[in-house]
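# Residue-level structural notes
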Amino acid sequence: MKKLMALVAVSGALAACGPVKSTANILDAEVQIQAARTAGAEQLAPYEWTAANLYIAKAREEVGYSDYQAGVDFAVKASRYANEAREKAMAAAGNTEAGGRTPNP
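This report concerns the structure included in the present document. (Residues numbered from 1 in each chain as written. Predicted model: local features only at pLDDT ≥ 70, side-chain atom pairs only at ≥ 80, totals over all residues. Heavy atoms only, no water.)

## Section: the overall build of the protein
The following threshold applies: In DSSP terms, a helix is any run of H or I states spanning at least four residues, a strand is any run of E spanning at least two, and both are numbered starting from the N terminus. Each residue is placed in one exposure class: buried if its accessible area under a 1.4 Å probe, protein chains only, is under 20% of its type's maximum, exposed if it is over 50%, and partly exposed if it falls in between. By definition, residues are in contact when any of their heavy atoms lie within 4.5 Å. Only the protein chains shown count as covering a residue, and every accessible area follows the Shrake-Rupley method with a 1.4 Å probe.
Of regular secondary structure, the protein possesses five helices and zero strands. In the protein, which comprises 105 residues, the proportion classed as buried is 28%. If you take every contact in the protein between residues at least 6 apart in sequence, the share linking residues at least 24 apart comes to 72%. Taken as a whole, the protein presents about 6,800 Å² of accessible surface, with 60% of it coming from carbon and sulfur.

Right under this line is the structure:
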């Protein structure tokens, strides 16, 4: 009986990890997207910017359906694309400030 109670307690604790992990990943992706916006990624890295925003929207949708692992996966992709967008935008902005040409997207 004690083993059953321990098993129920452990499974109950693990069930609560999904919402927490997905929320943390979504918040991280939102921070990355805001950093990309600040760097001017909307204009300078439109592909990565769009991908990041579509992935974060899909992450929120999946979490809404209680599919937390899919939400985590999409949030991680959104974070990755937002980071790429920020880096690309900063590199392009540095190029134009140095007198170089802005690459065509």
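## So, the side chain of Ser79
Cut-off, in case you're wondering: What qualifies as a polar contact is a pair of N or O atoms within 3.5 Å, subject to a donor-acceptor requirement within protein and to the restriction that residues adjacent in sequence count only when both atoms come from side chains.
Relative to the helices and strands, Ser79 resides in helix 5 (residues 68–97). By relative accessible area, Ser79 is classed as buried at 12%. A polar contact is formed between the side chain of Ser79 and the side chain of Asp28, at a distance of 3.4 Å. Not counting residues up to four positions away in its chain, the partners in contact with Ser79 are Asp28, Ala29 and Gln32.

## Quick word on helix 4 (residues 46–64)
So the rule is basically this: What a helix is expected to span follows from its residue count: subtract one and scale by 1.5 Å.
In a regular helix each residue adds 1.5 Å, so 19 residues correspond to 27 Å; helix 4 covers 27 Å between its end C-alpha atoms and thus fits that length. One or two steps after helix 4, the chain reaches Ser66, where phi turns positive at roughly 65 degrees.

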